[in-house]
Amino acid sequence: MLAQASPWHAHALQRTAAGIAEPLSVPARMEWTTRPGQGPGAEILGPDLRGKRVLELGCGAGHNAAHLATFPQALGSAQAGETPIGTHVTGVDLIGLQVRRARSHYGRLNNLTFVAGHALQFLRASDEQFDAIYSVFGAVGLVAPELLLPAIARHLTPGRVLAFSVPHPQRGGRAPSGGDGPRRDFVSLPDGTRLPIARWEFTTDRWERHLGRAGFRLTSAQEFHDSRLGHWPTTLLIRARRI
Ligand SMILES: C[S@@+](CC[C@H](N)C(=O)[O-])C[C@H]1O[C@@H](n2cnc3c(N)ncnc32)[C@H](O)[C@@H]1O
């Protein structure tokens, strides 16, 4: 019920209405930013994810999860004649409709599981350990970091990577947030409607402090621009290691 009242439900409904949920070919790249084709791909999650377990929080229609579960680049270098060992990817999304979309697009693939649920509830209920956890404009930044980051830490093997991209806190000329609380932001729907949401909009320094408290060491922060959206940075991509 709560999920259906969420702006993310309206977002999923309009996305579903805009395009038929049919089987899709798997994207050749993992996308972290607002502009397809720019920035790193799956390699920032670790050099070799073959046979590893990876979790996406807020997977939407599942494009990145499908890439990770499939693509040879993501699977390291299999020797000639060797059967590639897949990466096991779990994609979690708050909205059942998104999970249905993801399954219609990529449900045929091995090694790929889509689960409907709140990221925090999923982590609290699961006893699985993962070798990489990531979010692309997904649950990280949409759930209170003081709750979500420790929950992620409990499921990530020490030494492994958490990576997430969030809308850049200075996009469109905004001033960076001065506190630890969320700010009002909007989900823009395909029909132009804007629905209010809460978003944690931290600078890199503030993310570093929150990550440190939860048991992570920040290893990189990259910002990306998108010329279609003006000269301000649009995406902040953070990578951290579980201590
Ligand atoms: C902007 S979309 C990004 C989807 C996908 N990662 C992509 O890059 O296309 C944000 C997604 O996060 C999901 N989401 C929002 N809050 C969430 C939460 N608390 N737990 C899990 N998923 C959440 C939404 O339903 C939506 O599918």
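Residues numbered from 1 in each chain as written. Predicted model: local features only at pLDDT ≥ 70, side-chain atom pairs only at ≥ 80, totals over all residues. Heavy atoms only, no water.

## Details of the pairing of strand β4 (residues 130-136)
Okay, so step 1: Of all the seven residues making up β4, seven are buried; the element is thus mostly covered by neighbouring parts of the structure.
Okay, so step 2: In this structure, β4 lies alongside strand β5 (residues 156-167), joined through six bridges in parallel fashion. Considered in β5, the bridge of Tyr-134 is made with Ala-163.
Okay, so step 3: Following the backbone out of β4, through helix α6 (residues 145-155) and into the adjacent parallel β5, one traces a crossover that is right-handed. (Buried < 20%, exposed > 50% of the residue type's maximum accessible area, 1.4 Å probe, protein only. Helix = DSSP H or I, 4+ residues; strand = E, 2+ residues; numbered from the N terminus. Pairing = 2+ DSSP bridges. Right-handed = clockwise from strand over helix to strand, strands pointing away.)

## Details of the packing of aromatic side chains
Okay, so step 1: Scanning all chains against the criterion turns up three aromatic pairs.
Okay, so step 2: Aromatic side chains Phe-202 and Trp-207 sit 4.9 Å apart centroid to centroid with 55° between the ring planes, which places their arrangement in the tilted category.
Okay, so step 3: Under the relative-accessibility criterion, Phe-202 is labelled buried at 1%.
Okay, so step 4: Linked through ring pairs, Phe-164, Phe-202 and Trp-207 together constitute an aromatic cluster.
Okay, so step 5: Sitting over the ring of Phe-186, Arg-194 keeps its end group 4.2 Å from the ring centre. (Phe/Tyr/Trp six-rings, centres within 6.5 Å; stacked < 30°, edge-to-face > 60°. Lys NZ or Arg CZ within 6 Å of the ring centre and 35° of its normal.)

## Remarks on the sheet that holds β5
Pairing between sheet strands relies on hydrogen bonds along the backbone, with the strands arranged either parallel or antiparallel.
Okay, so step 1: With mixed pairing, the seven strands of this open sheet are ordered in space as β3-β2-β1-β4-β5-β9-β8. With one partner strand each, in any of the chains shown, β3 (112-116) and β8 (216-225) form the two edges of the open sheet. The mean inter-strand angle of the sheet, taken between neighbouring strand axes irrespective of direction, is 15°.
Okay, so step 2: Across nine bridges, β8 lies against strand β9 (residues 233-242) in antiparallel orientation. Residue Ala-221 lies in a different strand from β9, and its bridge partner there is Ile-238. (Axes fitted to C-alpha atoms, helices over the stretch in contact; angles between N-to-C directions.)

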